[in-house]
Amino acid sequence: MSVVRGAVVYYSRYGNNEKTAEGVAQGLREAGHEVELVNLKANKELAPGYDFLVVGSPTRGGRNSGPVRKFIKKNVGEQWRGKPFAAFGTCMHQTCEKGQPSAAGEIHTEMEARGMEPLADSFDNPVSGMKGPLAADGEERARSFGREAGEKLRG
Ligand SMILES: Cc1cc2nc3c(=O)[nH]c(=O)nc-3n(C[C@H](O)[C@H](O)[C@H](O)COP(=O)(O)O)c2cc1C
């Protein structure tokens with residue numbers, strides 16, 4: 001599959017999911033893809049022309065955050081059916097290590113329900129408190145997730 005260009009779309013309140021998004025984007029680039037980071041604090045719309053979509057959010061009450069939910073509702077329509085995606089997010093380590101509901105899991109379910117094709121299982125990056133930080137290897141884990149998803153895109 002000659003996928004070349006994708007967007008990593010994210011929301012972050014305290015910066016942990018932003019670091020995760022940057023790691024995921026770096027991994028995708030290392031796998032040879034052109035990637036644009038889209039911060040929903042600055043942009044609500046997605047430009048046309050991307051081949052794949054990676055979306056991430058902090059967990060709120062075991063769910064996806066409002067800005068990311070709105071983004072998916074407005075932007076992930078029929079034009080994305082059959083195209084590849086991956087989902088990631090941050091959550092408190094007490095919850096995501098126990099496999100409780102998280103933003104990443106909900107994003108994954110939503111995108112699949114819209115007919116998109118998963119590149120990987122959803123990725124939960126744990127934080128140790130409400131405002132973080134990520135675990136010491138959190139950015140590296142994000143990068144590996146991006147690289148592995150990117151390698152899958154290459155077929
Ligand atoms: C209103 C609110 C609700 C939250 N609910 C949850 C939750 O249900 N489960 C969880 O793991 N973390 C929860 N958190 C903590 C977030 O996971 C944490 O703030 C976030 O992952 C940090 O990412 P950010 O720095 O990108 O904002 C909540 C945080 C806020 C502010």
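Just above sits the structure.
Residues numbered from 1 in each chain as written. Predicted model: local features only at pLDDT ≥ 70, side-chain atom pairs only at ≥ 80, totals over all residues. Heavy atoms only, no water.

Chemist: If you had to explain the overall build of the chain to someone new, which residues and values would you point to?
Modeler: For the chain, the count of helices and strands is five helices and six strands. The globule rule puts the C-alpha radius of gyration for 155 residues at 15 Å, and the 14 Å found for the chain is close to it. Over its C-alpha atoms, taken along the principal directions, the chain stretches across nearly 40 × 30 × 30 Å. Relative to its full complement of 155 residues, the chain shows a buried share of 48%. In the chain, of all internal contacts separated by at least 6 residues, the share reaching a separation of at least 24 is 78%. Within the structure as shown, the chain displays about 7,600 Å² of accessible surface, and the carbon and sulfur contribution to it stands at 48%. One finds the centroid of the 22 positive side-chain charges in the chain at a distance of 7 Å from the centroid of its 20 negative side-chain charges. (Helix = DSSP H or I, 4+ residues; strand = E, 2+ residues; numbered from the N terminus. Rg over C-alpha atoms; globule rule 2.2 N^0.38 Å. Buried < 20%, exposed > 50% of the residue type's maximum accessible area, 1.4 Å probe, protein only. Contact = heavy atoms within 4.5 Å. Areas by Shrake-Rupley, 256 points an atom, 1.4 Å probe, with all protein chains shown as cover. Lys, Arg positive; Asp, Glu negative; His and termini not counted. Charge placed at Lys NZ, Arg CZ, Asp CG, Glu CD.)

Chemist: With reference to specific residues and values, describe the packing of aromatic side chains.
Modeler: How two aromatic rings sit relative to each other is set out by the distance from centre to centre and by the angle between their planes. By the definition in use, this model includes one aromatic pair. Taking the centre distance of 5.0 Å and the plane angle of 20° together, the rings of F123 and F145 count as stacked. With F123 in strand β6 (residues 123-127) and F145 in helix α5 (residues 138-154), the pair connects residues that are 22 residues apart, well separated along the chain. Between the NZ or CZ atom of K83 and the centre of the ring of W80, over which it lies, the distance is 5.4 Å. (Phe/Tyr/Trp six-rings, centres within 6.5 Å; stacked < 30°, edge-to-face > 60°. Lys NZ or Arg CZ within 6 Å of the ring centre and 35° of its normal.)

Chemist: Any chance you could break down the packing of helix α1 (residues 16-30) against α5 for me, citing the residues and the numbers?
Modeler: Relative orientation of the contacting elements α1 and α5 amounts to 40°, with a least axis distance of 6 Å. Compared by their axis directions, α1 and α5 come out oblique. Crossing geometry of α1 relative to α5 is assigned as right-handed. On α5, the residues that touch K19, T20, G23, V24, Q26, G27, L28 and E30 of α1 are E139, A142, R143, F145, G146, R147, A149, G150 and L153. (Axes fitted to C-alpha atoms, helices over the stretch in contact; angles between N-to-C directions. Parallel < 35°, antiparallel > 145°, perpendicular 65-115°, else oblique. Left-handed = near helix turned anticlockwise from the far one by under 90°.)

Chemist: Can you break down the nonpolar core residue by residue, with the values?
Modeler: Among the nonpolar cores identified, the biggest contains 19 residues, and V9, L46, L53, V55, F71, V76 and M111 are the most heavily contacted of them. Of all elements in the fold, only β1 (5-10), β3 (52-58), α2 (66-75), β4 (84-92) and α4 (103-113) reach the threshold of two or more residues within this core. Of the residues forming this core, the biggest block, three residues, is contributed by α2. Sequence-distant contacts of V55, that is, excluding residues within four places in its chain, are made with V9, V68, F71, A86, A87, F88, I107 and M111. Y10, A25, F123 and L153 belong to the second-largest nonpolar core, a separate cluster that totals 17 residues. (Core = buried A, V, L, I, M, F, W, Y, C linked by side-chain atoms within 4.5 Å.)

Chemist: Before we move on, could you go through the environment of G61 and cite the residues and values that matter?
Modeler: One can find G61 in the loop between β3 and α2. For the pair G61 and P84, spaced 23 residues apart in sequence, the C-alpha separation works out to 27 Å.

Chemist: How would you summarise the site of the ligand if you had to cite specific residues and measurements?
Modeler: As a matter of local geometry, the ligand sits amid 17 residues, with S12, N16, G62, T95 and M130 nearest to it. A distance of 2.7 Å separates an oxygen atom of the ligand from a polar backbone atom of N17. Taking T95, its side chain carries an N or O atom lying 2.6 Å from an oxygen atom of the ligand. Computed on the free molecule, the ligand has an accessible area of 630 Å², of which 83% lies beneath the protein chains in the complex. A molecule is said to occupy a pocket when more than half its atoms come within 2 Å of that pocket's grid points, and by this definition the ligand occupies the largest pocket. Only α1 and β4 provide two or more residues apiece to the shell around the ligand. (Near = heavy atom within 4 Å. Polar contact = N/O pair within 3.5 Å; in protein donor to acceptor, adjacent residues only side chain to side chain. 1 Å grid on protein atoms, 1.4 Å probe; cavity = no way out; pocket = protein on both sides within 12 Å on 5 of 7 lines; lining within 4 Å. Sits in = over half its atoms within 2 Å of the grid points.)

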